[in-house]
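Remarks on the overall topology
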Amino acid sequence: MELLLVSLLFLVVGGQDTNITTMIHKPGYCMMYSNGDASKVTGNYVRFYNKPAPDIDFITKAVLADLCPEIAQGTKACCDASQAGTLKGSVAAAQSLLTKCEVSWKNFVSLYCKFTCSPDQSMFVNATQLSLSEDKTFYNVERVSTYLTDEYKSKYYNSIKDVSLPSANMKAIVALCGTTKCDQDRFFQFMGDNPLSPFPIDYPTSVGPNKDNGTITPLEPDTLKYCWEKETPDSWRCSCQDCPSNITCAPPPEIPAPKSPFLILGFDGPLVILLIIYLSLFLICLIHLSINIHYRRLNQTDPMTRSASIASSISERHIEALQGKVNQGCRVVDQVLHTFFTKWATFAVSHPWIVILIATLLIGAFCGGMYFFVLTSAPIDLWSAPTSQTRLEKNKYDATFVPFYRTTQVIVTAPKVPAFNYTIHRDELDGPVVQTFSGIFKKEIFKKIFDMQEGIMNVKAKVGNRTIGVKDVCFVPLAPDVDECALISPFQWFQNNKSAVDVVVTDNKNGHNATYLEHIYRCVSSPLETADASFDIMSCLTTFFGPAQVNIALGGFSDKGDPLQADAIVLSLPLNNHLNETLNADAEAWELAYIDYMKAWNDSDIEFAFQAERSIEDELQREAYQDIFTVALSYFLMFGYVAVMLGKVSCCADTGVPLYCLRRWMVDAKISLGLAGVLFVLLSVVGSLGIFSYAGYKSTVIIMEVIPFLVLAVGVDNIFILVQAVQRDVLQPGESGNEQLVRIFGDVAPSMLLSASSEVIAFACGSLSSQPAVHDFSLYASVAVFLNFLLQVSVFLVLLSWDRQRELAERVDVFCCVPASSDVHLSEGETRPHSPLYLMVSKVWVPALLNTTVVRFLVMSFFGLTFCLSIAAIPHLSIGLDQQLALPKDSYVGPYFEYLSKYLEVGAPVYFVVEMEDEDGNHTLNASSLTGQNQLCGVSGCNTDSVVSLVNIYANFSDFSRLAQPPNSWIDDYFDWLEPTDEYYSCCRYYSSGDKKDQFCPSTDEMGSCSMCIESGYPHHRPNSQEFEQYLEWYLKDNPTTKGYACTKGGHAAYGNAVKYTTTKQKGTRGSVSTNVSASYFMTYHTTCRNSSDFIEAYKQARNLSELIKQSVDANVYPYSVFYVYYEMYVTMVNQVAINLSVCIVAVFIVSFILLNFNFMSSVITTTTVLMITVNMLGMMYVLDININPVSLVNLVMSVGISVEFSSHITRSFSLSRQLGRVDRAKEALSKTGSSVLSGIFMTKLIGISVLAFAKSQIFQIYYFRMYVCIVALGMLHGLVFLPVFLTFFGPARNTKPLRSSGYQKIKTEPSERDPLLPE
């Protein structure tokens, strides 16, 4: 690169020849002295001298005093003042790279001092090619050999190879070596012979035969120092960043050994333990069952034993009677609820219009909040809590600096185009190299992708009457001086000039025609190259004078190890982002035009994927509307099922044969009542949305999709239980329809309250979650279920009373004024037969399940086994949400995420932010003081546990830390920028006279009268506090440039937004009077994150590192990357799941305990069933490969609510049953409520869920269809299979005192003979 290579070799000189037949190699002799003719390449040759070293003049001494003090202090030198000046200017660029490590810089420059000026130059330098000068008065030296021992080369190279280049996030050796594949041989080869050298210098490995006068003695490394040594006793050691072998470096991170799985005999340990426990209990129970069966058989044959058994049975009944008396003392809750609901029902059916009016006004007021309804699909609102740590840190970052750029990116591949070979003729060390290039570099393909980039940069958008171009919205790092966007792509290696791809340059050195491929090869090897001499002196730097880093511009080469075999070209264009969303309107409009352009772009040879900042939000919005028909159809089918099945099918009485009669059904139907019940579900959902809209909450897609499903499940079940209780009841003599309804409602309403209140409180507890999706869902669900319950016990009760009157009057449903035909009227005393579903449950399912102890034992065994297997599967559940699943199947962003995972070679930028002021504005760290500098920087003298040092150490262990490279350090580059070299090559200069006196003098000004900012004294290459504050603003506004005197250290491009500061200025004063730095960041990159676990681990490691840094600096430190707000929740996701589900289940227990008359056993049974359903749900998630994330957690919380519906009604019915034995009570409970649960929840949901299988959204298919099927299926199996069996074994004692005559079946006074094997 021009800055570094521009003639470190213009240094030597020669004299008029007196003897060229023999080269003199003796102490005190010069091989070269003074400048010669102009070189054929660049600069000047040197004159062959071959004589004793002349005296050093005072001008030369002055020039060399700082650069080569050991020579300046002598009396002889092989250079004159002109060469000394050239030497100083030639190493100025290298000085800016290496002075951060003093030993490295001194070692580097010492070789050139000796090569150029040493009075013993001839002892290690030999002229190997001479030519007569143009005026024939002296010889030019056209080639030389410099002899260094292997030890010298090794010590020299190793002392500089690790010095970092913070602004480019790479090592300085890349610039000095000309390639990223640098080693010791390549370094010396490149420094001796590169396109910018006036003549080549060889570094032979041996001296060879001696034909000269004297002996060549290769330089020994006596004067060189290792990078960990001090240059002088008062100087500082190189930093750990620049010298990893520094013995004072902080210890590397403790990398924990990978956790090996817990195995027993090669099998999963927890599973083995659970199976052992399960099998042990199974065998114990089996033995007990066998003994019991044998004992019961003996009872049937031995009269004495049978008598004892009867006595035992009577004794057990006495004990149970005693338990019943105890229970009676706790019946106060049932009594209070029965009395309250009876009185309320009496009032409601007596004053229907008052109830309807009040309910209408309230629900209307709640629904009125929909005026303020806002639906958001912004990902950050969906997944990140406003009070979460990363969200607060993001807000601080955005307010302190600027919001992270809006990313526009295209990843292009050419899988159909084969790779090809091309011979590279520019590697002098290895000679011609046959290089394999991937198909994307084939000229026609390369130019097609170039066309795509040009098209993108020419996209225009219309906003009103304005035309928006890319430069109106893109990030321009050098604005206002340079209006080039910060586009990163391989085409920046050609400065976005497509015609340069067709350039063919003849290499005069070897006659090879260099093409665009040589230039690509060069730029991949050395991204900082500023003048590729073999390709028309073209730079590799971008149009905004920064490097187009290979791992950003190319992708898909890590497995091959060669970027030139990359599978993809990556075009990355950052757009400006603003805190005020209205200011992003232009960018959003341009992005929309860009998306349209990319969708229309087509070429059979290439494949590509793309995205813009707005893409995800747009696709989420499209998804919400795309499946609206599917969701609507699902709900419509459920509504239709409810409306039809809520009624009862009767048969014609006059036939005596069970023929289904449409006309009778028209009377018994409950279509209008069912539609009303469904309408109340919708009103409760809308009312919940309205209430929270009043409060300023934004609704999300998850809420709109899940809440109606949940409330429908809960609400419909209660409706079925209430309506079917009326249908199955017998009208008592002299009892009116309303009186019957009041009586039944007093019995059934407590059960409805039990399920509804359990769900309301469980969801309310779920709202304690910090995750927005779970928190918002739980809030809306809690209120919606509550409103639905209120509507059911008020307006629906009124409608049910009217419907009951209609039915008793034998009028047709819907058309309630139309009487039914007389032939379908029920005769007096005639009762309606039960529904087929009820008969199936009571006559088929109940006997098959509960009549045999062996069956019940097998049921318990099966569910116990599934419970154990589910527990064993829970630790193996994956955490995270693949981004593709949140998008429609046909989304153009889906392939982008796939390409991102497959091809990207570097992850997202990560910023370690250092806040140097507390909340009150008081300084905790002063960046201008030496102490403050040392806590931040990474150069010599900085603390070994400084911010830069620790980030650098962790970056060296990228597999563990997930940091890809060392950090950019504005403060390190600032020290280099301030480095005083001379009035020409110093970056920090000011106008010393004229109209601009005391103003900043940029490096591009070669004509102005400029002076160095720091003219004398720069101890340890550090500014004092005053100098630090005086010139910081100049540094942050200085553009890096290769023009003029070429200062690439200007901080505007890399660090213009990295430092938050305020300045105080005074007219007539250079720079600032004072500068207060309140915050800054140090940027690096994460390694490539290809899945959720990678993102989670990257966040965790960045957080851990920031906590470590906080222990060593007097400031608050936090990490920020654009994806942290979405993945922070996963760090505590396991705890969140455990806490949310535990709180919900505990809430279910507490409510059940209170509303089931403080019956501990009933509450335990209900809660156990809910717990088992939840655990089995987690097990099914493992089987179906469903991850733990907010969406699945919402469904898990919902499963707790629906599980209550499957369990609470049956448990309460069992606890109120007055049958004598547990089996009989379980049979009665299952017969009475089982069909309602089956028809009210299971069948309703099954019909609705089936439609979701056809949804286009992947998240619908996986997280809704699959999980809903599991929720409903597991709920049905546990509620209708496990729970009744569980009650037969562990059900609570029966109640012996009814609240009143309830219409239940006649109480049995003798033990059941249906199951002689089960002891009660």
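All residue numbers refer to positions counted from 1 along the written sequence of the respective chain. Residues qualify for local features only when their pLDDT is at least 70, as the model is predicted, and side-chain atom pairs are given and counted only at 80 or more; totals for whole chains, interfaces and linings, by contrast, use all residues. Side-chain calculation: all heavy atoms of the structure are included, whereas hydrogens and water are not.

Some thoughts on the sheet that holds strand 13 (residues 406-413)
- Pairing is antiparallel across the open sheet formed by four strands, whose spatial order is 20-21-13-22. Two strands in the sheet have a free side with no partner beyond their single neighbour: strand 20 (554-555) and strand 22 (607-611).
- By the convention used here, strands pair only if DSSP detects at least 2 bridges between them. Only DSSP runs of H or I with at least four residues qualify as helices, and only runs of E with at least two residues qualify as strands; both kinds are numbered from the N terminus onward. Inspection of the sheet shows strand 13 paired to strand 21 (residues 568-575) by eight bridges, in the antiparallel sense. Counted as the bridge partner of Thr-408 is Leu-573 from strand 21.
- We call two residues in contact when some of their heavy atoms are within 4.5 Å. Lines fitted to C-alpha atoms define the axes here, with helix axes fitted over just the stretch in contact, and angles between the N-to-C directions of these axes take values from 0 to 180 degrees. Seen against the sheet, helix 16 (residues 443-457) touches strand 13, strand 21 and strand 22 and runs at an angle of roughly 10° to strand 21.
- Strand contacts of helix 30 (residues 893-903): strand 13, strand 20, strand 21 and strand 22, with the helix running at about 75° to strand 13, the strand carrying the most contacts.

Comments concerning the confidence of the model for the chain
- The pLDDT value expresses, per residue, how confident the predictor is, ranging between 0 and 100. Mean pLDDT for the chain: 82, with 87% of residues reaching 70 or above.
- Averaged pLDDT values over the elements of the chain bottom out at 38 in helix 1 (residues 2-5) and peak at 96 in strand 24 (residues 909-915).
- When the criterion is pLDDT under 50, residues 1-19 qualifies, and its contacts beyond four places in sequence or with other chains add up to 99 contacts.
- A low-confidence stretch, residues 321-329 (pLDDT under 50), is modelled with ten contacts involving residues beyond four sequence positions or located in other chains.

Some details on the pairing of strand 3 (residues 44-52)
- Note: strand 2 (residues 29-38) against strand 3, five bridges, orientation antiparallel. Counterpart to Met-32 in the pairing with strand 3 is Phe-48.
- Pairing geometry for strand 3 and strand 5 (residues 139-146), over two bridges, is antiparallel. Residue Val-46 lies in a different strand from strand 5, and its bridge partner there is Val-141.

With respect to helix 34 (residues 970-978)
- Any residue under 20% of the maximum accessible area for its type is buried, any over 50% is exposed, and the rest in between are partly exposed; the area is computed with a 1.4 Å probe on protein chains only. By the criterion of burial, helix 34 is predominantly enclosed, with nine of the nine residues buried.
- The set of residues buried in helix 34 consists of Trp-970, Ile-971, Asp-972, Asp-973, Tyr-974, Phe-975, Asp-976, Trp-977 and Leu-978.

What to know about unusual backbone geometry
- Note that the residue after Ala-479, namely Pro-480, is joined by a cis bond; omega there is 5°.
- Looking at the secondary structure, you find Pro-480 in the loop between helix 17 (470-473) and strand 18 (505-506).
- Positioned with a positive phi, Lys-136 is a non-glycine residue whose angle comes to about 60°.
- Its location among the elements puts Lys-136 in the loop between strand 4 (125-132) and strand 5.

Let's talk about the environment of Tyr-516
- The residue Tyr-516 is located in helix 18 (residues 516-525) in this model.
- Classification of Tyr-516 as buried rests on a relative accessible area of 5%.
- As a C-alpha pair, Tyr-516 and Trp-493 span 23 residues in sequence and 9.9 Å in three-dimensional space.

Describing the pairing of strand 21
- Burial of strand 21 is extensive: eight of the eight residues sit out of reach of the surface.
- The alternating pattern of strand 21 places Ala-568, Val-570, Ser-572 and Pro-574 on one face and Ile-569, Leu-571, Leu-573 and Leu-575 on the opposite face, and all of these are buried.

Quick look at the environment of Ser-986
- Assignment of secondary structure puts Ser-986 in the loop between helix 34 and strand 25 (989-991).
- For the pair Ser-986 and Ser-1003, spaced 17 residues apart in sequence, the C-alpha to C-alpha distance is 8.0 Å.

Regarding the nonpolar core
- Membership of the largest hydrophobic core comes to 222 residues, with the highest contact counts inside it found for Leu-936, Trp-970 and Trp-977.
- Among the elements that take part in this core, helix 43 (residues 1258-1290) stands out by supplying 19 residues, more than any other.
- Dropping the residues within four chain positions of it, Trp-977 is found in contact with Cys-987, Cys-988, Phe-1000, Tyr-1031, Trp-1034, Tyr-1035, Asp-1038, Cys-1047, Lys-1049 and Gly-1050. We call a set of buried residues a nonpolar core when its members are Ala, Val, Leu, Ile, Met, Phe, Trp, Tyr or Cys and they connect through side-chain atoms within 4.5 Å of each other.

Points about the state of the cysteines
- Our working definition of a disulfide is a cysteine sulfur pair at a distance within 2.5 Å. For the structure shown, the criterion picks out twelve disulfides.
- Sulfur-sulfur distance for the disulfide between Cys-68 and Cys-113 comes to 1.8 Å. Judged by the sign of its S-S torsion, about -70°, the bond between Cys-68 and Cys-113 is left-handed. Here Cys-68, found in the loop between helix 2 (58-67) and helix 3 (69-72), pairs with Cys-113, found in helix 6 (residues 102-117); they are 45 residues apart in sequence, far enough to count as distant. Cys-113 shares its class with Cys-68; the two are buried.
- Disulfide pairing places Cys-1001 opposite Cys-1010 at an S-S distance of 2.0 Å. Across the S-S bond linking Cys-1001 and Cys-1010, the dihedral sits near 70°, which makes this disulfide right-handed.

Here's the deal with the packing of helix 26 (residues 737-766) against helix 39 (residues 1133-1155)
- Closest axis-to-axis distance for the helix 26/helix 39 pair is 8 Å, and the angle between their directions is 150°. Taken together, helix 26 and helix 39 sit at an angle that is classed as roughly antiparallel. For the element pair helix 26 and helix 39, the recorded crossing hand is right-handed. Counted together, Leu-753, Leu-754, Ser-757, Ser-758, Ile-761, Ala-762, Cys-765 and Gly-766 of helix 26 and Asn-1140, Val-1143, Cys-1144, Ala-1147, Val-1148, Val-1151, Ser-1152 and Leu-1155 of helix 39 form the full contact between these two elements.
- Polarity classes work like this: nonpolar for Ala, Val, Leu, Ile, Met, Phe, Trp, Tyr, Cys and Pro, charged for Asp, Glu, Lys and Arg, and polar for all others, with Gly in that last group. Across the contact of helix 26 with helix 39, the residue classes break down as eleven nonpolar, five polar and no charged. We call two directions roughly parallel when the angle between them is under 35 degrees, roughly antiparallel when it is over 145, roughly perpendicular when it lies between 65 and 115, and oblique otherwise. Crossings are assigned a handedness: left-handed for a near helix turned anticlockwise from the far helix by less than a right angle, right-handed for a clockwise turn.

Re the pattern of salt bridges
- Should a side-chain nitrogen of Lys or Arg be within 4 Å of a carboxyl oxygen of Asp or Glu, the pair is scored as a salt bridge. Tallied over the full model, the rule gives 33 salt bridges.
- Between Lys-448 and Asp-603 there is a salt bridge, and its shortest N-O distance comes to 3.3 Å. On the criterion of sequence distance, the pair formed by Lys-448 in helix 16 and Asp-603 in the loop between helix 20 (585-600) and strand 22 is long-range, its members being 155 residues apart.
- Taking relative accessible area as the criterion, Lys-448 reaches 23% and is therefore assigned partly exposed.
- Given the relative accessible area of 18%, Asp-603 is considered buried.

What about a nonpolar patch on the surface?
- Without a salt bridge and with relative accessible area above 30%, a residue can belong to a patch; like charges are then joined within 9 Å and nonpolar side chains (Val, Leu, Ile, Met, Phe, Trp, Tyr) within 5 Å. Only the protein chains shown count as cover for residues, and the accessible areas themselves come from Shrake-Rupley with a 1.4 Å probe. A contiguous nonpolar surface patch, about 820 Å² in accessible area, is contributed by Leu-375, Tyr-625, Ile-628, Phe-629, Leu-633, Phe-636, Leu-637 and Met-704.
- The dominant element in the nonpolar patch, judged by the number of residues it contributes, is helix 22 (residues 628-645), at five residues.
- For Leu-375, the position within the fold is in strand 12 (residues 375-376).

Observations concerning the packing of aromatic side chains
- Within 6.5 Å between ring centres, the rings of Phe, Tyr and Trp (the latter by its six-membered ring) count as paired, and their orientation is classed by plane angle as stacked under 30 degrees, edge-to-face over 60, tilted in between. Counted according to the given criterion, the structure contains 72 aromatic pairs.
- A ring pair is formed by Phe-401 and Tyr-1081, whose centres lie 5.0 Å apart and whose planes are at 75°; its orientation type is edge-to-face. Placement of the pair is Phe-401 in the loop between helix 15 (389-400) and strand 13 and Tyr-1081 in strand 28 (residues 1074-1085), with a sequence separation of 680 residues. Accessibility classification places Phe-401 together with Tyr-1081 in one group, the buried group.
- Taken together, the ring pairs in this structure connect Trp-970, Tyr-974, Trp-977, Phe-1000, Phe-1028, Tyr-1031, Trp-1034, Tyr-1035, Tyr-1055 and Phe-1082 into an aromatic cluster.

Observations concerning helix 7 (residues 150-160)
- Taken as a whole, helix 7 has its buried residues at Tyr-152, Lys-153, Lys-155, Tyr-156, Tyr-157, Ser-159 and Ile-160.
- For helix 7, the secondary structure elements touched by its buried residues are helix 6, helix 8 (173-177) and helix 9 (184-192).

Some details on the environment of Val-723
- Relative to the elements of secondary structure, Val-723 occurs in helix 25 (residues 701-728).
- Here Val-723 falls in the buried class, since its relative accessible area comes to 1%.
- Taking the C-alpha atoms as reference points, Val-723 and Leu-673, 50 residues apart in sequence, are found 9.3 Å from one another.
- Not counting residues up to four positions away in its chain, the partners in contact with Val-723 are Leu-646, Lys-670, Leu-673, Phe-796 and Leu-800.

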